[in-house]
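Examining the three-dimensional arrangement
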Amino acid sequence: MVKDNLKSIYKEIKSNNFSEEQAKALFVSAANLEAGTAVKSEMKFSSKIPDFAPTHPEILNSDYILSDISIMADTDKSTRTSYETGGIGYEVLSTSGYNKTTTFLNAGSSNITAPSGKAGYMFYTIYSNGHYQDIGIGYFNGQWQAIASGYWTGWKTGTVSIAAGDKLYFKLWIGTDNNIYFQILDGNNFNKILFQNNYCTSSSPIPSSGSGVNFNRQITLVDTAHNATSGLYLKDASFSQSYLYNDSVTQIFGDTNTDKNRRGKFGCSWVSDSKVSILSNSHWDSEKISMTMQ
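Residues numbered from 1 in each chain as written. Predicted model: local features only at pLDDT ≥ 70, side-chain atom pairs only at ≥ 80, totals over all residues. Heavy atoms only, no water.

A few words on the overall build of the protein. Of regular secondary structure, the protein possesses 3 helices and 17 strands. Against the compact-globule benchmark of 19 Å for 294 residues, the protein has a radius of gyration of 18 Å, which places it among compact chains. Seen along its three principal axes, the alpha-carbon backbone of the protein occupies a region of about 50 × 45 × 35 Å. Every one of the 294 residues in the protein was classed for burial, and the buried ones make up 56%. The contacts in the protein between residues at least 6 apart in sequence include a share of 73% that link residues at least 24 apart. For the protein, the exposed surface amounts to about 11900 Å²; the carbon and sulfur share of it is 48%. Once the 24 positive and 26 negative side-chain charges of the protein are each reduced to a mean point, those two points are 3 Å apart. (Helix = DSSP H or I, 4+ residues; strand = E, 2+ residues; numbered from the N terminus. Rg over C-alpha atoms; globule rule 2.2 N^0.38 Å. Buried < 20%, exposed > 50% of the residue type's maximum accessible area, 1.4 Å probe, protein only. Contact = heavy atoms within 4.5 Å. Areas by Shrake-Rupley, 256 points an atom, 1.4 Å probe, with all protein chains shown as cover. Lys, Arg positive; Asp, Glu negative; His and termini not counted. Charge placed at Lys NZ, Arg CZ, Asp CG, Glu CD.)

Dropping the structure here:
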């Protein structure tokens, strides 16, 4: 496990041109988490996933990714319908075959104070074996919280010290034990671990090679009241320098490793994607997004 972790970290360091100090922090923290010696962040568990969690009526599989869909997506618009009862957002879905993803992000600002029913999210979805798993941060009850939601975890939330504008670094990977590992680090020099945990997938193991695995990077705003003029917002949320990895390659998110129909902004049945403002983006490793219900 240590040898595999070292190889994976080396690819991460080389692709991002990290310093020796950053490299050491990345390796030590990931090695400790996989070895079971790290202190894992506490999370509250509920077997019932709440209605304001991201929804996934469409579960991806390899047939979906490989199919020749004739409707071409707008350059910056997704054709998704997965949030038909939830809300709006921006996504970039990878093709399959990867076992790790990393990204920088700047936490957005939001005015959501309700403890349920409304939320803003910055997260990844893992698709594998006909199941999904959301992992990242969600803004509700007036604060950013770590979230894990899906087949392997149920609904979990954890306290994390994040303020609007904070620069963070997400690491999400499948270990050689087939479990999911996740870390949120300070995005400047990685010397502070803000959150870390791992999630067992033994009920339906995720291939450690990444075979059949997709990663979907997303920024979303959800309101179960379906009020398109509520004034709710999530502003200036951004991802940057987003990479995909497997045992053979390291690739920045781009045209050739993402689904042309599932990248860009999206609306839903009760509000259009006009509420999603793309402040800046590249195709497809970085984006800065604001969303306002007005």
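Okay, back to it.
Moving on, we come to the packing of aromatic side chains. Tallied over the full model, the rule gives 19 aromatic pairs. Between Phe18 and Phe104, the aromatic rings sit 6.1 Å apart at their centres with planes inclined by 75°, giving edge-to-face as the arrangement. You can see Phe18 sitting in the loop between helix 1 (2-16) and helix 2 (20-35) and its partner Phe104 sitting in strand 3 (residues 100-106), a full 86 residues away along the chain. Taken together, the ring pairs connect Tyr124, Phe170, Phe182, Phe195, Phe215 and Phe239 into an aromatic cluster. If you follow Arg80 out to its NZ or CZ, it ends over the ring of Phe266, 4.1 Å from the centre. Residue placement shows Arg217 over the ring face of Phe253; its charged tip is 4.6 Å from the ring centre. (Phe/Tyr/Trp six-rings, centres within 6.5 Å; stacked < 30°, edge-to-face > 60°. Lys NZ or Arg CZ within 6 Å of the ring centre and 35° of its normal.)

Right, let's talk about the environment of Leu185 for a bit. Tracing the backbone shows Leu185 in strand 10 (residues 180-186). As a C-alpha pair, Leu185 and Ser29 span 156 residues in sequence and 9.6 Å in three-dimensional space. Not counting residues up to four positions away in its chain, the partners in contact with Leu185 are Leu26, Lys167, Leu168, Tyr169, Lys171, Phe190, Lys192, Ile193 and Leu194.

A few words now on helix 2. The end-to-end C-alpha distance of helix 2, which contains 16 residues, comes to 22 Å, matching closely the 22 Å that a straight helix rising 1.5 Å per residue would cover. Gly36 sits one or two residues past helix 2 and shows a positive phi near 85°. (Expected span 1.5 Å × (residues − 1).)

This next bit is on the side chain of Asn179. Within the secondary structure layout, Asn179 lies in the loop between strand 9 (167-174) and strand 10. Residue Asn179 is classed as buried on the basis of its relative accessible area, which comes to 13%. Here the side chain of Asn179 touches Thr201 through a polar contact of 3.1 Å, landing on its backbone nitrogen. Excluding its chain neighbours within four sequence positions, the residues that come into contact with Asn179 are Trp173, Ile174, Asn198, Tyr199, Cys200 and Thr201. (Polar contact = N/O pair within 3.5 Å; in protein donor to acceptor, adjacent residues only side chain to side chain.)

Attention shifts here to the sheet that holds strand 7 (residues 143-150). Strand order in the open sheet made by the 8 strands is 1-8-7-6-5-12-2-15, with antiparallel pairing throughout. The open sheet has two edge strands, strand 1 (44-46) and strand 15 (258-266), and neither has a second partner. The sheet shows a mean angle of 20° between the axes of neighbouring strands, taken without regard to direction. Here strand 6 (residues 131-140) runs beside strand 7; their pairing, made up of 8 bridges, is antiparallel. In the strand pairing of strand 7, Gly136 is matched with Ile147. (Pairing = 2+ DSSP bridges. Axes fitted to C-alpha atoms, helices over the stretch in contact; angles between N-to-C directions.)

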